[in-house]
Amino acid sequence: MSNGMNKVKFGVAGCGMVSAFHADALSRIPEAQLVACSDTYMPSAEKFAQKHGLQPFSTLEEMLKKGGVDAVSICTPSGLHSRQAITVVRAGKHVVCEKPMSLTLKEADILIKEADKAGVKAAVISQFRFTPAVAEIKRAVQSGALGKVVSGSLQMKYWRSTEYYQSASWRGTWAMDGGGALMNQGIHGIDVFRSIMGPVKYLQGIARTLTHDIEVEDHAAAVLEFESGAVGTLEGSTTCFPGYPRRVEICGTKGSIVLEEDTIVKWDVDLPTDLPVGQAARNVASSDPAAISSEGHERQLRNFTDAVLRGEPLLADVRSGRHPLEIILAVYESSRTGKAVNMKEFAG
């Protein structure tokens, strides 16, 4: 191996629901090994450690010093992501951060700068970008099979119960969630939407709290003009019972494609595809956040491991992790001011 390593030793920070996806994915990657975990609630760390044969720690800092890790997966509440990822890269370790990477663009820029300075690999989990369906759609768009893309729409009409928000004190707060239906549930869809449609030029949005007793929005919508000239919409909700699969529609002058979760349901373009079309959507988390598989995490963590061991290109780094954050924060800004947002002025 070019860096003298033959296996990447991972630690996991935060032993809640999301950590299980990382552990499951890493167990299927021969060149990766999960060796340690940390959680400020020690019973969670000990339970996770016992299940996976790891060494538990009560703090991230202790795990970095004593856990023998090369890389850390950040699986803690959103409000901790940036500062913990910065702690990891300053320790000279590689980092994989769950979304959102940060709650502000200023935080995001500090993380990007620190990762560059440390010379380490820094990725943001963008697992849906790694699905075959999304890769196939991007291939079709880039080949010109849709003609001129004129319209893109993203619908994320999800449902979360009162009990969901009451299950942890940080849920639905600005300080630790950073937002609601868009920042927490919708960011993966917005990431895929942005990766297909390209940069946004202007947007105007509304974010409201309609039915839940939370600080952040449970419903939001926006109209977008892309730099390509296409016009589109996005909608995100946690108050649409019973919850429907995330839906992306990309329409052009020669054809259109519809994606539900990670399944292509319409392929109306003159370009052959080997993928199945029209099947029921899989990995639907519209009413249950745990109802996804770890396949996307596995694909992304394989890419991350290849980047660490062999210098392969990192396909979802912290720079691309900033893109959906820009859109979400612009929707919040537009909702607050009642005005359209010029993305170059807002996001830099």
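None of the values given here were measured: they were computed from a predicted structure.

Reading the values: the criteria
- Residues numbered from 1 in each chain as written.
- Predicted model: local features only at pLDDT ≥ 70, side-chain atom pairs only at ≥ 80, totals over all residues.
- Heavy atoms only, no water.
- Pairing = 2+ DSSP bridges.
- Helix = DSSP H or I, 4+ residues; strand = E, 2+ residues; numbered from the N terminus.
- Axes fitted to C-alpha atoms, helices over the stretch in contact; angles between N-to-C directions.
- Contact = heavy atoms within 4.5 Å.
- Salt bridge = Lys/Arg side-chain N within 4 Å of Asp/Glu carboxyl O.
- Buried < 20%, exposed > 50% of the residue type's maximum accessible area, 1.4 Å probe, protein only.
- Parallel < 35°, antiparallel > 145°, perpendicular 65-115°, else oblique.
- Phe/Tyr/Trp six-rings, centres within 6.5 Å; stacked < 30°, edge-to-face > 60°.

Quick look at the sheet that holds strand β5 (residues 94-97) now. What links the strands of a sheet is backbone hydrogen bonding, and the strands pair in either a parallel or an antiparallel sense. As summarised here, the arrangement of the six strands in space is β3-β2-β1-β4-β5-β6, forming an open sheet in which the pairing is parallel. Single-partner strands in this sheet number two, and they are β3 (55-57) and β6 (122-124). Neighbour-to-neighbour, the strand axes of the sheet open up by a mean angle of 25°, direction not taken into account. Note that strand β1 (residues 8-13) and strand β2 (residues 32-38) share six bridges and pair parallel. Bridging across to β2, Gly11 finds its partner in Ala36. Most of the contacts of helix α1 (residues 17-27) go to β2, to which it runs at about 155°, and overall it touches β1, β2, β4 (71-74) and β5.

It is worth spelling out the pattern of salt bridges at this point. One pass over the full model with this rule turns up 19 salt bridges. With a shortest N-O distance of 2.8 Å, Arg322 and Asp109 are connected by a salt bridge. Placement of the pair is Arg322 in helix α12 (residues 318-337) and Asp109 in helix α5 (residues 105-118), with a sequence separation of 213 residues. Residues Asp191 and Arg129 are paired through a salt bridge, measuring 2.9 Å at the closest nitrogen-oxygen approach. With a gap of 62 residues between them, Asp191 in helix α10 (residues 187-197) and Arg129 in the loop between β6 and α6 (132-143) connect regions that are remote in the sequence. Comparing Asp191 with Arg129, the two get one shared label, buried. Counted as one network, the salt bridges with shared partners bring together Asp24, Arg28, Glu298 and Arg302.

Once that is clear, we can look at the sheet that holds strand β10 (residues 231-237). Read across the sheet, eight strands follow the order β13-β12-β11-β7-β10-β9-β8-β14 without closing on themselves; strand pairing throughout is mixed. Whereas interior strands pair on both sides, the edge strands pair on one side only; in this sheet they are β13 (263-268) and β14 (341-342). Running over the sheet, α6 touches β7 (149-157), β11 (247-252), β12 (256-260) and β13 and is turned about 25° from β13. On top of the sheet, α10 reaches β7, β9 (219-226), β10 and β11; it is set at about 175° to β7, its chief contact.

The packing of two helices is summarised by the inter-axis angle and the distance between the axes. In contact at an axis separation of 9 Å, α10 and α12 are set at 110° when each is read in the N-to-C sense. Viewed along their axes, α10 and α12 adopt a mutual orientation that is roughly perpendicular. On α12, the residues touching Ile187, Ile190, Asp191 and Arg194 of α10 are Ser320, His323, Pro324, Ile327 and Ile328.

Scanning the entire structure with this criterion turns up five aromatic pairs. Between Phe193 and Phe226, the aromatic rings sit 5.7 Å apart at their centres with planes inclined by 85°, giving edge-to-face as the arrangement. Taken together, the positions of Phe193 in helix α10 and Phe226 in strand β9 put the pair 33 residues apart, joining distant regions of the chain. The same class applies to Phe193 as to Phe226, namely buried.

Contact geometry of helix α4 (residues 81-90) with α5 gives a least axis separation of 9 Å together with a crossing angle of 10°. Taken together, the axis directions place α4 and α5 in an arrangement best described as roughly parallel. In this structure, α4 contributes Ser82, Ala85, Ile86, Val89 and Arg90 to the contact, and α5 contributes Glu107, Ala108, Ile110, Leu111, Glu114, Ala115 and Ala118.

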